[in-house]
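Architecture at a glance
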Amino acid sequence: MKNEVSSEQLQKWISKNQKLSNLLVEIQEKPLSIVEQAELAYHEIPKLIGITKDNFNENYDPEESVSEFGNDSLYQQLGYVNYMNPNADPRGRVLTAAYLVKHGTSVPQQDILKKYKTESEEECIGIGFIGNALDVRLIFVKKGENWFELGCKMFISLAK
């Protein structure tokens, strides 16, 4: 991933935040699988560092969940990170996504679309987000498709 957050950047960030460091050690020491540790981190890190986990609450209306491409939530950034680095350690993906949100940055849209274009020749009109928490993944919505009917929780329009 171009402009990828390096392990050095993550380590520096963690070492500057003792509470985050302690939380990560606590999670890693739990007798849980790597995936379960990542899931726990997904739920605990946002509370600790003051970032938005997702944009869904009791008044959530997915038909109104259209936003500009950006760094709105851990859910959104994790969707991007999961797409760009699907084989990376899930704990590292969660931490990278949290770092991006905390630092007001994002996986570059052009990188996501460049990867998509290597996988498909179909034109897409937007990016949908499907799945829950750790399992969030991207759906590339084509012309004539409805992101809501595809089961997406969020949609980022690519219309200029």
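First things first, this report covers the structure right here in the doc. (Residues numbered from 1 in each chain as written. Predicted model: local features only at pLDDT ≥ 70, side-chain atom pairs only at ≥ 80, totals over all residues. Heavy atoms only, no water.)

Let's shift gears to unusual backbone geometry. The phi torsion at Ala-133 lies on the positive side, around 45°, for a residue other than glycine. Here Ala-133 is to be found in the loop between strand E1 (124–130) and strand E2 (137–142). Taking the relative accessible area as the measure of exposure, Ala-133 reaches 11% and is therefore buried. (Helix = DSSP H or I, 4+ residues; strand = E, 2+ residues; numbered from the N terminus. Buried < 20%, exposed > 50% of the residue type's maximum accessible area, 1.4 Å probe, protein only.)

As a further point, take the pairing of E1. Within E1, six of the seven residues are buried, which leaves the element mostly enclosed by the surrounding structure. Here E1 runs beside E2; their pairing, made up of six bridges, is antiparallel. Bridge pairing in E2 places Phe-129 opposite Leu-138. Where E1 folds back onto E2 in an antiparallel hairpin, the turn is made up of six residues, including Gly-131, whose phi is positive at roughly 100°. (Pairing = 2+ DSSP bridges.)

Take the packing of helix H2 (residues 18–29) against helix H3 (residues 34–49) next. For any two helices packed against each other, the geometry is given by the interaxial angle and the distance between the axes. Look at H2 against H3: their axes get within 10 Å of each other, and the N-to-C directions meet at 160°. Taken together, H2 and H3 sit at an angle that is classed as roughly antiparallel. Considering how the two elements wind past one another, H2 and H3 form a crossing that is right-handed. Only Gln-37, Leu-40, Ala-41, Glu-44, Ile-45, Leu-48 and Ile-49 of H3 make contact with H2, whose side of the interface consists of Lys-19, Leu-20, Leu-23, Leu-24, Ile-27 and Gln-28. Per-class residue counts for the contact of H2 with H3 are nine nonpolar, two polar and two charged. (Axes fitted to C-alpha atoms, helices over the stretch in contact; angles between N-to-C directions. Parallel < 35°, antiparallel > 145°, perpendicular 65-115°, else oblique. Left-handed = near helix turned anticlockwise from the far one by under 90°. Contact = heavy atoms within 4.5 Å. Nonpolar A, V, L, I, M, F, W, Y, C, P; charged D, E, K, R; others polar.)

This brings us to the packing of aromatic side chains. Scanning the model with the defined rule gives seven aromatic pairs in all. Considering the side-chain rings of Tyr-75 and Phe-129, the 6.4 Å spacing of their centres and the 45° angle between planes classify their relative orientation as tilted. Taken as a pair, Tyr-75 in helix H4 (residues 74–84) and Phe-129 in strand E1 lie far apart in primary sequence, 54 residues in all. One exposure class covers both Tyr-75 and Phe-129, and it is buried. Ring plane angle 25° and centroid distance 4.2 Å describe the contact between Tyr-116 and Phe-140, whose orientation is recorded as stacked. With Tyr-116 in helix H6 (residues 109–119) and Phe-140 in strand E2, this residue pair connects regions lying 24 residues apart in the sequence. Here Tyr-116 matches Phe-140 in class, with each residue buried. Three or more aromatic residues joined by ring pairs form one cluster here, namely Tyr-75, Tyr-80 and Phe-129. In this structure, Lys-115 packs its charged tip against the face of Tyr-83, placed 4.6 Å from the ring centre. (Phe/Tyr/Trp six-rings, centres within 6.5 Å; stacked < 30°, edge-to-face > 60°. Lys NZ or Arg CZ within 6 Å of the ring centre and 35° of its normal.)

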